[in-house]
Amino acid sequence: MSAASCLRSDDQFLCSICLDVFTDPVTTPCGHNFCKNCINEHWNRNDQYLCPLCKKVFYTRPELHVNTLLNEMVSHSSEQQAAKPGEVPCDVCTGTKLKALKSCLVCLTSYCETHLEPHLTALGLKRHQLMDPVENLEDRMCMKHDKPLELFCKTDQTYVCMLCSVLDHKTHEFVPLKEEYEGKKAELGKTEAEIQEMIQKRRLKIQEIKHSVDLSKEAADREKAEGVQVFTALKESVERSLNELIETIEEKQRTTEKQAEDFIKELEQEISELKKRSSEVEKLSHSEDHLHLLQSFPSLKAAPPTKDWTEVSVHPSSHEGTVVKAVAQLEETLSKQMKKLFEAELKRVQQYAVDVTLDPDTANPHLILSDDGKQVYCGVVKKNLPDNPERFSLSSCVLGKQSLSSGRFYFEVQVKEKTKWTLGVARESINRKGLITLRPQYGFWTICLRNGNEYSARNNRTVCLSLKSGPQKVGVFVDYEEGLVSFYDLDAAALIYSFTGCFFTEKLYPYLCPCLNDGGKNSAPLIICPVNQTA
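Described in the following lines is the structure provided in the data block. Because the structure is a prediction, the values reported are computed rather than measured. (Residues numbered from 1 in each chain as written. Predicted model: local features only at pLDDT ≥ 70, side-chain atom pairs only at ≥ 80, totals over all residues. Heavy atoms only, no water.)

**Thoughts on the overall build of the protein chain**
Thought 1: Counting its secondary structure elements, the protein chain contains eight helices and 23 strands.
Thought 2: In the protein chain, which comprises 535 residues, the proportion classed as buried is 31%.
Thought 3: Within the protein chain, residue pairs in contact and separated by at least 24 positions form 56% of the contacts whose partners lie at least 6 positions apart.
Thought 4: By element, 53% of the accessible surface of the protein chain is carried by carbon and sulfur atoms, the whole surface being about 34,500 Å².
Thought 5: Of the side-chain charges in the protein chain, 67 are positive and 77 negative, and the distance between the mean point of each set is 4 Å. (Helix = DSSP H or I, 4+ residues; strand = E, 2+ residues; numbered from the N terminus. Buried < 20%, exposed > 50% of the residue type's maximum accessible area, 1.4 Å probe, protein only. Contact = heavy atoms within 4.5 Å. Areas by Shrake-Rupley, 256 points an atom, 1.4 Å probe, with all protein chains shown as cover. Lys, Arg positive; Asp, Glu negative; His and termini not counted. Charge placed at Lys NZ, Arg CZ, Asp CG, Glu CD.)

In structure tokens form, the structure reads like this:
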């Protein structure tokens, strides 16, 4: 008997009592099968020994033995797994669909291990083409000729059957599916390698980002620690100054009170002496002893010696200027502390120093640049230069060659002996022809000097800057990601101005404008200086 004829439904392996797969299957004398435990419990609960299926009654309890053949069949069936979601099920199985092991491209059917056996043993079926199980086998058939898709048409980049190659695509170039498969598989190998490389790059980027976060946290911790230290010192300084102020005021008050106490004590002593003399005078004036009054009169006639109190007074303590002086001392302390902070901040930003040189292709024709590209001033005569797109046509300004599109940079410019200048950074797409507007919305972040002593920042509105003294050298710092542009007075050790919350999307270039010569009054050059980092 062939294997195919022996195929049965999976229901044959179910016990009719527990409705589950047999466990230790036994056969009753009437030929029906049950789990050994199920039939024994069934008979234990009933007065008669009858078959649950055919109701045949046994007058004595039958002796039951495990059905070896059925037990082996159950074991073999349980070894085959039921198809899970996403797996290809056997097309032949009824009831529980087992997982398919192979699909036949001739039969267009998928088979589990049991139902696959004829394809492995029957001569006619052994010639069929088997492959790993797939769903929708009908998609592998030519819809026009109902033949397997076995060729790849390179001309039309499609899959065809043998009939297509001689009927519809006879002049086209064909290769077997396997050959095209090998080529595409090789391409997939390259794609996989590229994907793995991309994965590796992204893993490295993750490490880089995590490292940046760690560095940022370390910097934040340092900044917090420094802030706590500075503000603690300031708090202690303020408390100390306040205590000294209170002590000074109270000491003055104590001095005033001591002076008043001394005067009062002296006055009370004189009052006591005067009262004593008054009593003696009064007593003498009532005396009837003529001789005694005359003898005592010379000594009692004059008042006892006392101090002239006419010009004596106690002036309330004067505290005018005490608070102002204390605040001035505190301001001096704060100024020293601010200078230390500035020096620390300057040291941090100077590590991003860039060696800036000026770009002659951007310079206005009136400007004169030094050979090393480090100095610029405005001449009197306009030079005959090509009007290239990068050049400023009207404004007497120039850009640096170096640019920034991420990270940070810093440079320093000497502005000594000038009455006018503009300094800062500009984005790449700024207008360079005609009049320009120095505002952030037009791509400029600058500070300016006009009329020798009028300093301003050209923000969305002009911000007047009150500086104690005019800077001789200005430091410019840019943090691209932070959206920060800061200007420092290096001689006064102070921050001049900061543009914050900026949003940069283009390259940024150093921007210098020495302004017009002004009849020689503003002939001094702007000089890009080497950065000498503070110790």
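**Quick notes on the sheet that holds strand E19 (residues 473–479)**
Thought 1: Strand order in the open sheet formed by seven strands is E11-E12-E23-E14-E19-E20-E21, with antiparallel pairing between adjacent strands. Two strands bound the open sheet, and with one partner strand each, they are strand E11 (367–369) and strand E21 (494–499). Across the sheet, the mean angle separating the axes of adjacent strands is 20° when strand polarity is ignored.
Thought 2: Two elements, E11 and strand E12 (residues 375–378), share three bridges in a ladder whose sense is antiparallel. Within E12, the position partnered with Leu367 by the bridge is Cys378. (Pairing = 2+ DSSP bridges. Axes fitted to C-alpha atoms, helices over the stretch in contact; angles between N-to-C directions.)

**Structural notes on the pairing of strand E22 (residues 508–513)**
Thought 1: Of all six residues that make up E22, six are buried, and the element is covered over most of its length.
Thought 2: By the bridge criterion, two bridges tie strand E13 (residues 398–399) to E22 in an arrangement that is antiparallel. Bridge pairing in E22 links Val398 to Leu512.
Thought 3: Sheet topology note: the strand E15 (residues 421–427)/E22 ladder contains six bridges and is antiparallel. From the neighbouring strand, Leu423 faces E22, where its bridge partner is Leu512.

**Thoughts on the pattern of salt bridges**
Thought 1: Following the criterion strictly, the structure yields 19 salt bridges and no others.
Thought 2: Close ionic contact of Lys144 with Asp168 constitutes a salt bridge, the shortest N to O distance being 3.2 Å. Here Asp168 lies in the loop between helix H5 (162–167) and strand E10 (174–176) and Lys144 lies in the loop between strand E7 (130–131) and strand E8 (151–153), a separation of 24 residues in the sequence.
Thought 3: Classification of Lys144 by relative accessible area gives exposed; the value is 60%.
Thought 4: Where Lys217 meets Asp221, a salt bridge forms, and the shortest distance between an N and an O atom there is 3.1 Å. (Salt bridge = Lys/Arg side-chain N within 4 Å of Asp/Glu carboxyl O.)

**What about helix H8 (residues 322–350)?**
Every α-helix carries 3.6 residues per turn, so stepping three or four residues along brings you back to the same face.
Thought 1: With 29 residues, H8 extends 41 Å from end C-alpha to end C-alpha; this agrees with the ideal 42 Å at 1.5 Å per step.
Thought 2: Close packing links the buried residues of H8 with helix H6 (177–285), strand E14 (408–414), E19, strand E20 (484–489) and E21. (Expected span 1.5 Å × (residues − 1).)

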